[in-house]
Amino acid sequence: MPNDLFHGNLVYLTAEEPEAQASSFSRWFQNTEFARLLAIAPEILWSQNKIKEWIEKDYEKEKPEGYFFTVRDSQNDRLIGFFGLWDIDVNHLNSIIAIGIGEPEYWGKGYGSEAMQLALRYAFTELNLHRVSLFVFAYNTRAIRSYYKSGFQLEGIQRKAMLRDGERHDIVAMGILREEWEARAA
Amino acid sequence: MNDDLFRGKLVRLAMDEPDVMAEAFARWTRDSEYWRLLASDPTRINSVKATRDWLERELFKDPPDFHMFTIRRLDDDRLIGEIGLDGVDLPHGDTFVGIGLGERDSWGHGYGTDAMRIILRYAFTELNLRRVSLDVFEYNPRAVASYKKVGFVEEGRLRRFLHRDGHRWDLIFMGMLRAEWEIHKGEISVR
Amino acid sequence: MDIQKQLFLGKTICLGPIDHEKDPAIISGWTHNPEYLRLVDTAPAYPNAAAQVKKKLEAIEKRLEEGKNMYYFHIRDRQDDRLIGFATIRWIEWTHGSGWIHLGIGDPQDWRKGIGSEVLDLLLQYTFNELNLYRLTAMIPEYNPGARRLFEKAGFIEEVRRRQALNRDGQRWDLLLYGLLREEWEAQHAQ
């Protein structure tokens, strides 16, 4: 079987020490464009200490609640983003993916797509999930295009679910099935 | 009495400081093949901190839940892997052995086989067990060959137990009885 | 799908939760019968006071809370709600779709009455239709022909024979692992 789940061409997956992860996360969330593309809640600007505390508390759990990876640039090892497979329904083999590239100079260049491919390969050949879902905000057109390219299909629209800057926006639900991913990978 | 209990011909078994072990073990998890050969739970990349916390919780508790050793090469003392006995069942005199070589360039040179011989001797002459068991994945033929070289006998397979990479694979069980080990001492001559 | 079909109701027995007030005393009684203990567990036979059983049941429920890889039931008579035994699907590895099945009926007067078959039937339906697992493994000591017959009748096949893995009563016994695959259960069920 293929040996390496954790390496692509542009990026590779890692686990970070709590300091490094907290430092990047804290900085990424101060960029409101990033925060508003990724998160539904108005994010408090948490201190590095607080984020570090959560990461460490997560490590103490015997059974972690999801599968979380950080993403680094293969060329220069820079920490550029993350993805997590959460909310796993073990008997239905479903999961939700959250993915984000935190460094803006890496947007629109294929790094996020490759990270998504690694995530889907992990989900479908190691976790043996049957489907992966995601929610994306309708104004995040770059991400939506990328998800379509990765094989996700539109499954639903939560109409006017968000209010930002005085305007209402839809939240889009997308999903990909294992057989669909396998057919593309073949 | 044998004072070379922890030494073989190519490697020795040891115990290292938690920081040293945490760094190595965490690094090895970056290689998904290493994990997939060793463990059935989904591959994870572990940080040094998470690994260290786990070592403190599991290995350094008193008494520990399992007997784990680090494997170091005799020639350059390099830390290349770990081997351990899990689930030592004293009333029945049985245990499960597991080994993982994290340094890829140490695969295929006999280090694993040597480490296995050392731990068998430990199991039978220091823990005084009556049998040693192991399970191994069908897609790991190198390990299966190594275990047979040391004298393990295949005892059956749990069919299609593992699901990885779109295929199902058997989980092979092997065992060695003390009476068998006393005859061959872990050295099966090639016929 | 027949949404109204009851997964936990058999003809004469049902699967239910732990009763922390009433069950410990009954289970304590079972643990004073070494024949029961030796058939149902490989751990050394040891009697438990009701207070000890109560702690164990609480620990089981805590484990159910903390993990997602075990299901545990108490078996009761449908007529009088009497506690008859226990059943569990445990060591579940979701990514492989694998689980281990274990059950016990405490009072010898309830043995050989077909209760085991009824329970096993319910458990298999739950495993394959609700947990959606792919295979089940049962661990049975060689000296328990009743359990072997029960699982063989349900379609389980002997897959692994761990030679002399048990040491009891001055004798060595093999520990057998039986397996049932989803497609095998579906084929039987379709008939």
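Because the structure is a prediction, the values reported are computed rather than measured. (Residues numbered from 1 in each chain as written. Chains lettered and ligands numbered in written order. Predicted model: local features only at pLDDT ≥ 70, side-chain atom pairs only at ≥ 80, totals over all residues.)

Re the overall build of chain A
No. 1: Counting its secondary structure elements, chain A contains six helices and seven strands.
No. 2: For chain A, the sequential pattern of α-helices and β-strands runs β-α-α-α-β-β-β-α-β-α-β-β-α.
No. 3: Each of the three principal axes of chain A carries a C-alpha extent, and together these read 45 × 40 × 35 Å.
No. 4: Split into buried and exposed, the 186 residues of chain A put 33% on the buried side.
No. 5: In chain A, 57% of the contacts between residues at least 6 apart in sequence involve partners at least 24 apart. (Helix = DSSP H or I, 4+ residues; strand = E, 2+ residues; numbered from the N terminus. Buried ≥ 20, exposed ≤ 12 C-beta atoms within 10 Å, placed from the backbone. Contact = placed C-beta atoms within 7 Å.)

Overview of the interface of chain A and chain B
No. 1: The partner chain B presents 17 residues to the 22 residues of chain A that form the contact.
No. 2: Counting residues per element, the ones that place at least two in the side of chain A that touches chain B are strand S1 (11-14), helix H3 (48-60) and strand S2 (67-73) of chain A.

With respect to the interface of chain B and chain C
No. 1: Across the contact, 22 residues belong to chain B and 21 residues belong to chain C.
No. 2: For the side of chain B that touches chain C, the secondary-structure elements that each account for two or more residues are strand S5 (131-137), strand S6 (153-164) and strand S7 (167-177) of chain B.
No. 3: In terms of residue count, S6 of chain B provides more of the side of chain B that touches chain C than any other element does, nine residues in total.
No. 4: Of the residues contributing to the side of chain B that touches chain C, the split by class is seven nonpolar, seven polar and eight charged. (Nonpolar A, V, L, I, M, F, W, Y, C, P; charged D, E, K, R; others polar.)

Description of helix H5 (residues 141-150) of chain B
All names here are of chain B.
No. 1: When we look at burial in H5, the residues that qualify are Ala-143, Ser-146, Tyr-147 and Val-150. Buried residues of H5 fall within an arc of 95° about the axis and therefore sit on the same side. More than 90 degrees from the buried face of H5, the exposed residues found are Pro-141 and Ala-145.
No. 2: Structurally, H5 contributes buried residues whose contacts are with helix H2 (32-38), helix H4 (111-125), S5 and S7. (Arc of directions from axis to C-beta.)

Details of the packing of H3 of chain A against helix H3 (residues 48-59) of chain B
No. 1: Running from N to C, H3 of chain A and H3 of chain B point in directions that differ by 40°, and their axes come no closer than 9 Å. Between H3 of chain A and H3 of chain B, the angle is such that the two are oblique. For the pair H3 of chain A and H3 of chain B, the crossing hand works out as right-handed. Across the interface between the two elements, Glu-56, Tyr-59 and Glu-60 of chain A from H3 of chain A touch Lys-49, Ala-50 and Asp-53 of chain B from H3 of chain B.
No. 2: Residues of the contact of H3 of chain A with H3 of chain B, tallied by class, amount to two nonpolar, no polar and four charged. (Axes fitted to C-alpha atoms, helices over the stretch in contact; angles between N-to-C directions. Parallel < 35°, antiparallel > 145°, perpendicular 65-115°, else oblique. Left-handed = near helix turned anticlockwise from the far one by under 90°.)

Examining the pairing of strand S3 (residues 79-89) of chain B
All names here are of chain B.
No. 1: As paired elements, strand S2 (residues 66-73) and S3 share seven bridges and run antiparallel to each other. The partner of Phe-69 across the bridge, within S3, is Ile-83.
No. 2: Note that S3 and strand S4 (residues 94-101) share seven bridges and pair antiparallel. Residue pairing in the sheet places Asp-86 in a bridge with Phe-96 of S4.
No. 3: Hairpin connection from S3 to S4: four residues lie between these consecutive antiparallel strands, with Gly-93 at a positive phi of about 70°. (Pairing = 2+ DSSP bridges.)

Some details on the sheet that holds strand S5 (residues 131-137) of chain A
Residue and element names in this part refer to chain A.
No. 1: Strand order in the open sheet formed by seven strands is S1-S2-S3-S4-S5-S7-S6, and the pairing between neighbours is mixed. Only two strands of the sheet have a single neighbouring strand rather than two, namely S1 and strand S6 (153-164). On average, adjacent strands in this sheet sit at an angle of 25° to one another, irrespective of strand direction.
No. 2: The pairing of S6 with strand S7 (residues 167-177) spans eight bridges and is classified as antiparallel. Among the inter-strand pairings, Ile-157 is bridged to a residue of S7, identified as Val-172.

Some details on the nonpolar core
No. 1: One finds Ala-115 and Ile-119 of chain B together with Val-119 of chain C to be the most contacted residues of the largest nonpolar core, which totals 78 residues.
No. 2: It is H4 of chain B that contributes the most residues to this core, nine residues altogether.
No. 3: In contact with Ile-119 of chain B, not counting residues within four places along its chain, are Leu-13, Ile-83, Leu-85 and Val-97 of chain B. (Core = buried A, V, L, I, M, F, W, Y, C linked by C-beta atoms within 7 Å.)

As for the environment of Asp-76 of chain B
All names here are of chain B.
No. 1: With respect to the helices and strands, Asp-76 occurs in the loop between S2 and S3.
No. 2: Judged by the 7 C-beta atoms lying within 10 Å of it, Asp-76 falls in the exposed class.
No. 3: Separated by 65 residues in the primary sequence, Asp-76 and Val-11 have C-alpha atoms spaced 9.8 Å apart.

Focus: unusual backbone geometry
No. 1: For Asp-87 of chain A, which is not a glycine, the phi torsion comes out positive at approximately 55°.
No. 2: Examined against the element boundaries, Asp-87 of chain A turns out to sit in strand S3 (residues 79-89).
No. 3: Its identity as a non-glycine residue notwithstanding, Asp-77 of chain B has a phi of 65°, on the positive side.
No. 4: Relative to the assigned elements, Asp-77 of chain B resides in the loop between S2 and S3.
No. 5: We classify Asp-77 of chain B as exposed; it has 9 C-beta atoms within 10 Å.

What to know about the environment of Asp-4 of chain A
All names here are of chain A.
No. 1: Within the element layout of this structure, Asp-4 appears in the segment before S1.
No. 2: Judged by C-beta crowding, with 13 C-beta atoms within 10 Å, Asp-4 ranks as partly exposed.
No. 3: Between the alpha carbons of Asp-4 and Gln-117 there is a distance of 13 Å; along the sequence they are 113 residues apart.

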